[in-house]
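What follows is each chain in one-letter form.
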Amino acid sequence: MPANMKVLLLKEPRESENEADPYIQELASCGHTASLIPVLSFRFVSLDDLSEQLFEPERFGGLIFTSPRAVEAVRTCLDSQKHRQSESGSSALHENLWREWDAVKDKWNEKSVYVVGKATASLVVDLGLNPLGEDTGTADALALLILQRENQEILPLFFPCGSIRREVLPTALRKNHIPLETLTVYQTSEHPDLQKNITDYFTQQGVPASLAFFSPSGVTFCLDLVKRLSGSQLEQIKFASIGSTTAEALQSYGLTVSCCAEKPTAKHLAAAITRALHT
């Protein structure tokens, strides 16, 4: 089997001006040529409500972040050019919002700040918060960690989240009477150029040796087109998944999942894809 094979990653590029996306880097180090096609489009919502709740840590028993996008919503609030009204009625410039946050984040750090995955944890650290649970990898595992640490007497945990989310975490917490307050802070939809970009890739590059999915939404938005473009070569593709939830979504469409990352990191996914391609 040839050493260099094409891998198509259906995900958003990691936003960094200084270096390539880590998934492309890891796959290149394994001898593969990877391409990215963004699947999802995001729009922040309810940022005034989010800002209000962020600056009232005394109302909550802790914070939960299960996606990088939810953390970015917090940063967007803090970077906002809008003036916040102080109690005296005068407006504070946005640079003072970060100064206010310096005091507020210390109060949040007295509580638990739960996260899923290293990418989310890294962004949480950038906000000056101390994350717990970065090695959990899934909402299911994070729910177990929270249940081990918290009890029914705590104030509600504040959970900023997206419009498309699994109910595993909220269901597990509520079933065990752990109070939870959720707020939708971003809307998720199909990327406007998704169909065109996938069609262009298959036209120019051909059918990839491996195709990696990063969310159940990605499976929903992409799979019919991938099947149509692949035609009789569909069964030759090694379908890869970043985690078990996405793997289940692929299987629900009748596909065989060739590999699933042991942990949701670039290194683990690249290793899984490499093993699958040489099997």
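Structure report, in brief.

1. Overview of the sheet that holds strand β4 (residues 62-65)
Read across the open sheet, the six strands follow the order β3-β10-β9-β4-β7-β8; overall the sheet is mixed. Looking along the sheet, the strands with just one partner apiece sit at the ends: β3 (40-44) and β8 (131-132). Here β4 runs beside strand β9 (residues 157-162); their pairing, made up of two bridges, is parallel. Counted as the bridge partner of Leu 63 is Phe 158 from β9. Docked against the sheet, helix α3 (residues 68-79) engages β3, β4, β9 and β10 (180-190), running at close to 35 degrees with respect to β3. Seen against the sheet, helix α5 (residues 118-126) touches β4, β7 (112-115) and β8 and runs at an angle of roughly 145 degrees to β7.

2. Considering the packing of helix α2 (residues 47-54) against α3
Pairs of packed helices are described in terms of their axes, by the angle between the two and the distance that separates them. At a minimum axis distance of 10 Å, the contact between α2 and α3 shows a crossing angle of 85 degrees. By the angle between their directions, the pair α2 and α3 is classed as roughly perpendicular. In contact with Leu 47, Leu 50, Ser 51 and Leu 54 of α2, α3 contributes Ala 73, Val 74, Thr 76 and Cys 77. Taken together, the residues of the contact of α2 with α3 sort by class into six nonpolar, two polar and no charged.

3. With respect to unusual backbone geometry
Of note in this structure, Ser 46 is not a glycine but carries a positive phi near 55 degrees. Looking at the element boundaries, Ser 46 is found in the loop between β3 and α2. Of note in the backbone geometry, His 177 takes a positive phi value of approximately 60 degrees without being a glycine. Looking at where His 177 falls in the secondary structure, it is placed in the loop between α7 (168-175) and β10. The class of His 177 is exposed, set by a relative accessible area of 53%.

4. Overview of the pattern of salt bridges
Per the counting criterion, the structure on display carries nine salt bridges. Across the pair Asp 106 and Lys 105 runs a salt bridge whose closest N-O atoms are separated by 3.6 Å. The partly exposed category is assigned to Asp 106, whose relative accessible area is 42%. The class of Lys 105 is buried, set by a relative accessible area of 17%.

5. Remarks on the sheet that holds strand β11 (residues 210-213)
The strand order across the open sheet built from five strands is β2-β1-β11-β12-β13, with neighbouring strands paired in parallel fashion. Every interior strand has two partners, whereas the edge strands, β2 (33-36) and β13 (257-260), have only one. Along the sheet, successive strands turn relative to each other by an average axial angle of 25 degrees, direction set aside. Pairing between strand β12 (residues 238-241) and β13: three bridges, direction parallel. Following the sheet pairing, Phe 239 is matched in β13 by Val 257. Contacts from helix α1 (residues 22-29) reach β1 (6-10) and β2, with the element oriented near 160 degrees to β1.

6. What about α3?
The end-to-end C-alpha separation of α3 is 16 Å, in line with the 16 Å expected for twelve residues at 1.5 Å each. Restricting attention to buried positions, one finds in α3 the residues Arg 69, Ala 70, Val 71, Ala 73, Val 74, Cys 77 and Leu 78.

7. A look at the nonpolar core
Side chains of a nonpolar character, in soluble globular proteins, are inclined to be buried together. One finds Leu 50, Phe 65, Trp 101 and Leu 129 to be the most contacted residues of the largest nonpolar core, which totals 26 residues. Among the elements of the structure, α2, β4, α3, α4 (94-109), β7, α5 and β10 are those that each provide at least two residues to this core. Looking at which element gives the most residues to this core, the answer is α3, with six residues. Setting aside residues no more than four positions away along its own chain, Leu 50 makes contact with Ala 73, Val 74, Cys 77, Phe 158, Pro 160, Leu 183 and Val 185.

8. Details of the packing of aromatic side chains
This model, assessed by the stated rule, comprises seven aromatic pairs. With centroids separated by 6.0 Å and ring planes inclined at 20 degrees, the aromatic side chains of Phe 60 and Trp 108 adopt a geometry described as stacked. Of the two residues, Phe 60 is situated in the loop between α2 and β4 and Trp 108 in helix α4; the sequence distance between them amounts to 48 residues. Taking 5.0 Å as the distance between ring centres and 25 degrees as the angle between the ring planes, the aromatic pair formed by Phe 60 and Phe 158 counts as stacked.

Rules used in this analysis
- Residues numbered from 1 in each chain as written.
- Predicted model: local features only at pLDDT ≥ 70, side-chain atom pairs only at ≥ 80, totals over all residues.
- Heavy atoms only, no water.
- Pairing = 2+ DSSP bridges.
- Helix = DSSP H or I, 4+ residues; strand = E, 2+ residues; numbered from the N terminus.
- Contact = heavy atoms within 4.5 Å.
- Axes fitted to C-alpha atoms, helices over the stretch in contact; angles between N-to-C directions.
- Parallel < 35°, antiparallel > 145°, perpendicular 65-115°, else oblique.
- Nonpolar A, V, L, I, M, F, W, Y, C, P; charged D, E, K, R; others polar.
- Buried < 20%, exposed > 50% of the residue type's maximum accessible area, 1.4 Å probe, protein only.
- Salt bridge = Lys/Arg side-chain N within 4 Å of Asp/Glu carboxyl O.
- Expected span 1.5 Å × (residues − 1).
- Core = buried A, V, L, I, M, F, W, Y, C linked by side-chain atoms within 4.5 Å.
- Phe/Tyr/Trp six-rings, centres within 6.5 Å; stacked < 30°, edge-to-face > 60°.

Fair warning: the whole summary comes from geometry, so function is off the table for now.
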